[in-house]
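Inside the fold
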Amino acid sequence: MNDPAFILHARVYYEDTDAGGVVYYANYLRFFERARTELLRQAGAGRALLQAQDELGFVVRRVEADYLAPARLDDALEIHASIERLGGASADFIQAVVCQGRVLCQARIAVVCVSFSSMKAQRMPQHLVTALQPYVRAYSHPSEKI
């Protein structure tokens, strides 16, 4: 992932792994969720604020993930997150888990902005679009594609 818009640093703990000390595949989704949450917080659009101020939130609509190499117990990870496309009521994130410069897992995750009262898609308010705009990046990976 070239020039990620946001990087979250994390460590692999025992709770993230299977009996062999390898990160369980579904836990990569937890890493991706944390990075998206922190990206929103850094943008000034944290989830608690969005819910309180606009009664809005994001739900995952689709995940496409490629598992390229295992993360192991105690690895220091970088979780990269960028927005590939920002729509009226949705955003497509490109995310990667990286260890020592090597991409271990990469994913495209589509999220939809919803009203909490109706749980239906809701157009993002302009202040949210403006806050997220700096995180929009073109995606290109030289050796792997999603």
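Let me sum up the structure you'll find in this document. (Residues numbered from 1 in each chain as written. Predicted model: local features only at pLDDT ≥ 70, side-chain atom pairs only at ≥ 80, totals over all residues. Heavy atoms only, no water.)

A few words on helix H1 (residues 27-42). Relative to the 22 Å expected for 16 residues at 1.5 Å per residue, H1 spans 23 Å between its end C-alpha atoms, a close match to the ideal helical length. Restricting attention to buried positions, one finds in H1 the residues Asn-27, Tyr-28, Phe-31, Phe-32, Ala-35, Arg-36, Thr-37, Leu-39 and Leu-40. Phi turns positive one or two residues past the end of H1, at Gly-44, with a value near 85 degrees. (Helix = DSSP H or I, 4+ residues; strand = E, 2+ residues; numbered from the N terminus. Expected span 1.5 Å × (residues − 1). Buried < 20%, exposed > 50% of the residue type's maximum accessible area, 1.4 Å probe, protein only.)

A positive phi angle is found at Glu-55, which is not glycine, with a value near 55 degrees. Relative to the helices and strands, Glu-55 is located in the loop between helix H2 (47-54) and strand E2 (56-67). Residue Glu-55 is classed as partly exposed on the basis of its relative accessible area, which comes to 47%. A positive phi is found at Met-119, a non-glycine position, where the angle reads about 55 degrees. On the secondary structure map, Met-119 appears in the loop between strand E5 (102-115) and helix H3 (126-132).

A few words on the sheet that holds strand E4 (residues 90-99). If you walk across this open sheet you meet the five strands as E1-E3-E4-E5-E2, and the pairing is antiparallel. The two strands at the open ends of the sheet, each matched to only one other strand, are strand E1 (6-11) and E2. When the angles between neighbouring strand axes are averaged without regard to direction, this sheet yields 25 degrees. Pairing analysis gives 10 bridges linking E4 to E5, with the strands arranged antiparallel. Bridge assignment links Asp-92 to a residue of E5, and that residue is Ala-110. H1 contacts E1, E2, strand E3 (76-86), E4 and E5 of the sheet and is inclined by roughly 120 degrees relative to E4. (Pairing = 2+ DSSP bridges. Axes fitted to C-alpha atoms, helices over the stretch in contact; angles between N-to-C directions. Contact = heavy atoms within 4.5 Å.)

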